[in-house]
Amino acid sequence: MATQRITKQRLAIVDALSSQINFKGAQEIHALLVASGETIGLSTVYRNLTEMFEARDVDLIIGADGESLYRLCSDDHHHHLTCKACGHAIEIVGEALEVWAKQVGLDHGFSDISHTLEITGVCKACRSA
Ligand SMILES: [Zn+2]
Ligand SMILES: [Zn+2]
Ligand SMILES: [Zn+2]
């Protein structure tokens, strides 16, 4: 029974995230779920989002105020160019960065090399507003 309930809540969270273009904090996601009629606690949302991130089902970036923000993203390895003003995030792939990051690790004798990189700025729409 417990498993079933978690699955239903997980699906509701995936559903809420799939309708969002921008990265959202757990509280915002919780508010969306409540607004759509779900009975779900904030701590359940937090726990599910953490598990989903660990399973790489969602992407996580840290917002300007240090809050964790989540979004459903494409499966392939990618980075984000995120607007500090409106939160809009574009998925970017940088071949030069991938090669460089790996080479730097190898040069220092590292194995199992991975990296995270988020680029922030102010988008065109926000700048002209
Ligand atoms: Zn992404
Ligand atoms: Zn913007
Ligand atoms: Zn990368």
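Residues numbered from 1 in each chain as written. Chains lettered and ligands numbered in written order. Predicted model: local features only at pLDDT ≥ 70, side-chain atom pairs only at ≥ 80, totals over all residues. Heavy atoms only, no water.

**Student:** Would you mind showing me how to read the domain arrangement of the protein chain here?
**Tutor:** Where the parts come together, the accessible area they lose is often given as the size of the interface. Examined at the domain level, the protein chain breaks down into domain 1 (2-71) and domain 2 (79-128). One C-alpha centre belongs to domain 1, the other to domain 2, and the line joining them spans 23 Å. Contacts between the two partners involve seven residues from domain 1, matched on the other side by eight residues from domain 2. Interface area for domain 1 against domain 2, summed over the two sides, is near 570 Å², with a carbon-plus-sulfur share of 49%. Together, Asn 22, Ile 61 and Arg 71 form the three largest contributors to the area buried by domain 1 at its contact with domain 2, with a combined 64%. The tally of links from domain 1 across to domain 2 stands at one salt bridge. Scanning the region where domain 1 abuts domain 2 turns up five residue pairs in polar contact (both at pLDDT 80 or more). With three residues, strand E2 (residues 59-62) is the single largest residue contributor to the side of domain 1 that touches domain 2. Here the side of domain 1 that touches domain 2 is composed, by residue class, of four nonpolar, one polar and two charged. (Domains from an automatic or database assignment. Contact = heavy atoms within 4.5 Å. Buried area = accessible area lost by both parts, 1.4 Å probe. Salt bridge = Lys/Arg side-chain N within 4 Å of Asp/Glu carboxyl O. Polar contact = N/O pair within 3.5 Å; in protein donor to acceptor, adjacent residues only side chain to side chain. Helix = DSSP H or I, 4+ residues; strand = E, 2+ residues; numbered from the N terminus. Nonpolar A, V, L, I, M, F, W, Y, C, P; charged D, E, K, R; others polar.)

**Student:** How should I be thinking about the coordination of the zinc ion (ligand 3) in this particular structure?
**Tutor:** Around a metal, the idealised angle for a tetrahedral arrangement of four donor atoms is 109.5 degrees; for an octahedral arrangement of six donor atoms it is 90 or 180 degrees. Only His 77 (NE2), His 79 (NE2), Glu 98 (OE), Glu 98 (OE) and His 115 (NE2) from the protein coordinate the zinc ion (ligand 3), and they sit 1.9 to 2.7 Å from it. For the zinc ion (ligand 3), all donor residues lie on one chain, and their spacing in sequence is H-x1-H-x18-E-x16-H. In this pair, His 79 sits in strand E4 (residues 79-83) while Glu 98 sits in helix H4 (residues 95-107), placing the two residues 19 residues apart along the sequence. Classification of His 79 by relative accessible area gives buried; the value is 3%. (Donors = N, O, S within 2.8 Å, 3.2 Å for Na, K, Ca; no water. Buried < 20%, exposed > 50% of the residue type's maximum accessible area, 1.4 Å probe, protein only.)

**Student:** Any chance you could explain the coordination of the zinc ion (ligand 2) here in plain terms?
**Tutor:** For the zinc ion (ligand 2), the protein coordination sphere consists of Cys 83 (SG), Cys 86 (SG), Cys 123 (SG) and Cys 126 (SG), at 2.2 to 2.3 Å. Given four donor atoms and angles of 106 to 115° at the metal, the environment of the zinc ion (ligand 2) is assigned as tetrahedral. All donors to the zinc ion (ligand 2) come from one chain, and their sequence spacing reads C-x2-C-x36-C-x2-C. Note that Cys 86 is positioned in the loop between E4 and strand E5 (89-92) and Cys 126 in helix H5 (residues 124-128), a separation of 40 residues in sequence. (Tetrahedral: all angles 85-135°; square planar, octahedral: opposite > 155°, others 65-115°.)

**Student:** For this particular structure, what's the right way to read the side chain of Gln 9?
**Tutor:** Within the fold, Gln 9 resides in helix H1 (residues 2-18). Looking at Gln 9, the relative accessible area reads 10%, which means it is buried. Sequence-distant contacts of Gln 9, that is, excluding residues within four places in its chain, are made with Thr 39, Ile 40 and Thr 44.

**Student:** What am I meant to see in the side chain of Lys 24 here?
**Tutor:** Tracing the backbone shows Lys 24 in strand E1 (residues 24-25). The class of Lys 24 is buried, set by a relative accessible area of 17%. Those residues in contact with Lys 24, other than ones at most four positions away along the chain, are Ile 29, Ser 68, Leu 69 and Tyr 70.

**Student:** Just checking my understanding: could you explain the environment of Leu 42 for this structure?
**Tutor:** Relative to the helices and strands, Leu 42 is located in helix H3 (residues 42-54). With 14 residues separating them in the primary sequence, Leu 42 and Glu 28 have C-alpha atoms 9.9 Å apart. Apart from residues lying up to four places away in sequence, Leu 42 is in contact with Ala 26, Gln 27 and His 30.

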